[in-house]
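Here are the chains, one letter per residue:
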Amino acid sequence: MYSEKVMDHFNNPRNMGEIEDASGVGTVGNAKCGDIMRMYLDIDDSGRIQDVKFKTFGCGAAVATSSMATELVKGKTVQEALAVTNKAVMEALDGLPPVKVHCSLLAEEAIHAALWDYAEKNHITIEGLSRPVSDIGEKEEDVEEDY
Ligand code: FES
């Protein structure tokens, strides 16, 4: 049911933890399943993500997608990180079962929320970034129709 990569990231999550005095922190949840994900970004003066950590209180797929998402944005610029969609995270994990697609959306949204926090703290606008939602429950319905 789950790919080897999903199982690997679930059993050995990368970048789990938190960053003190992070440049940006984003927390999102899904009221339907009750899962919560928090992302911490450490962004340097040139706008590059030097470090990223996550904490996920959620299902195995949410842990695996958080872990993969942190790997995909680490070392990237803010703009590049913005382009890491839930689809990209799923592809990097060799797919997720359809009922678990929404878990990857939590990862995408948590990164966006952390970027939003970073932008607000620094009084900047990140092109293409819109205000993140704190509950992805509504977005989830749109996404599941696409898969
Ligand atoms: Fe809710 Fe996976 S079941 S994030």
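Conventions used here
Residues numbered from 1 in each chain as written. Predicted model: local features only at pLDDT ≥ 70, side-chain atom pairs only at ≥ 80, totals over all residues. Heavy atoms only, no water. Helix = DSSP H or I, 4+ residues; strand = E, 2+ residues; numbered from the N terminus. Rg over C-alpha atoms; globule rule 2.2 N^0.38 Å. Pairing = 2+ DSSP bridges. Expected span 1.5 Å × (residues − 1). Buried < 20%, exposed > 50% of the residue type's maximum accessible area, 1.4 Å probe, protein only. Contact = heavy atoms within 4.5 Å. Polar contact = N/O pair within 3.5 Å; in protein donor to acceptor, adjacent residues only side chain to side chain. Salt bridge = Lys/Arg side-chain N within 4 Å of Asp/Glu carboxyl O. Patch = residues over 30% accessible without salt bridge, like charges linked within 9 Å, V, L, I, M, F, W, Y side chains within 5 Å. Areas by Shrake-Rupley, 256 points an atom, 1.4 Å probe, with all protein chains shown as cover.

Within the protein chain one finds six helices and three strands. Starting at the N terminus and walking to the C terminus, you meet the elements of the protein chain as α-β-β-β-α-α-α-α-α. Against the globule reference of 15 Å for 147 residues, the protein chain gives a C-alpha radius of gyration of 14 Å, in line with a compact fold. Taken along the three principal axes of its C-alpha coordinates, the protein chain extends 40 × 30 × 25 Å.

Note that strand β1 (residues 24-30) and strand β2 (residues 35-43) share seven bridges and pair antiparallel. Residue pairing in the sheet places Asn-30 in a bridge with Asp-35 of β2. Taking the residues that link successive antiparallel strands as the turn, the β1-β2 hairpin has four residues, and the phi of Gly-34 there is positive, at about 85 degrees. Where β2 lies against strand β3 (residues 49-57), eight bridges are found, and the strand directions are antiparallel. The residue bridging Arg-38 from the neighbouring strand is Lys-55, located in β3. Turn length for the β2-β3 hairpin, with the two strands adjacent in sequence and antiparallel, is five residues, and the turn residue Gly-47 shows positive phi of about 85 degrees.

Let us now look at helix α5 (residues 101-121). In an α-helix, one turn spans 3.6 residues, which is why side chains three or four residues apart end up on the same side. Under the 1.5 Å per step criterion, the end-to-end length of α5 is 31 Å for 21 residues, consistent within 8% with the ideal 30 Å. Counted residue by residue, α5 has 18 buried out of 21 residues, so it is predominantly covered. Just beyond α5, the residue with positive phi is His-123, at close to 55 degrees.

The next point concerns the environment of Ser-23. Within the secondary structure, Ser-23 is located in the loop between α1 (4-11) and β1. Residues Ser-23 and Met-1, 22 residues apart in the sequence, show an inter-C-alpha distance of 37 Å. Once you skip the residues sitting within four places of it in the chain, Ser-23 turns out to touch Leu-41, Asp-42, Ile-43, Asp-117, Tyr-118 and Lys-121. Only 2.7 Å separates the side chain of Ser-23 from the backbone nitrogen of Ile-43, close enough to count as a polar contact.

A separate point is the side chain of Thr-56. Structurally, Thr-56 can be placed in strand β3. There is a polar contact of 2.7 Å between the side chain of Thr-56 and the side chain of Ser-66. Leaving out residues up to four positions away in the same chain, Thr-56 has contacts with Ile-36, Met-37, Ala-62, Val-63 and Ser-66.

Considering all chains together, one arrives at six salt bridges under this definition. Measuring nitrogen to oxygen at the nearest pair gives 3.8 Å for the salt bridge that ties Lys-74 to Asp-51. Placement of Lys-74 in the loop between α2 (60-73) and α3 (78-82) and of Asp-51 in strand β3 is noted, with a sequence separation of 23 residues between them. A relative accessible area of 22% places Asp-51 in the partly exposed class.

What follows deals with a nonpolar patch on the surface. Judged by side-chain polarity, Met-1, Tyr-2, Met-7, Phe-10 and Val-99 come together as a nonpolar surface patch covering roughly 530 Å² of accessible area. Positionally, Tyr-2 belongs in the segment before α1. A relative accessible area of 31% places Tyr-2 in the partly exposed class.

Honestly, that's just the spatial picture; any functional story needs more than this.
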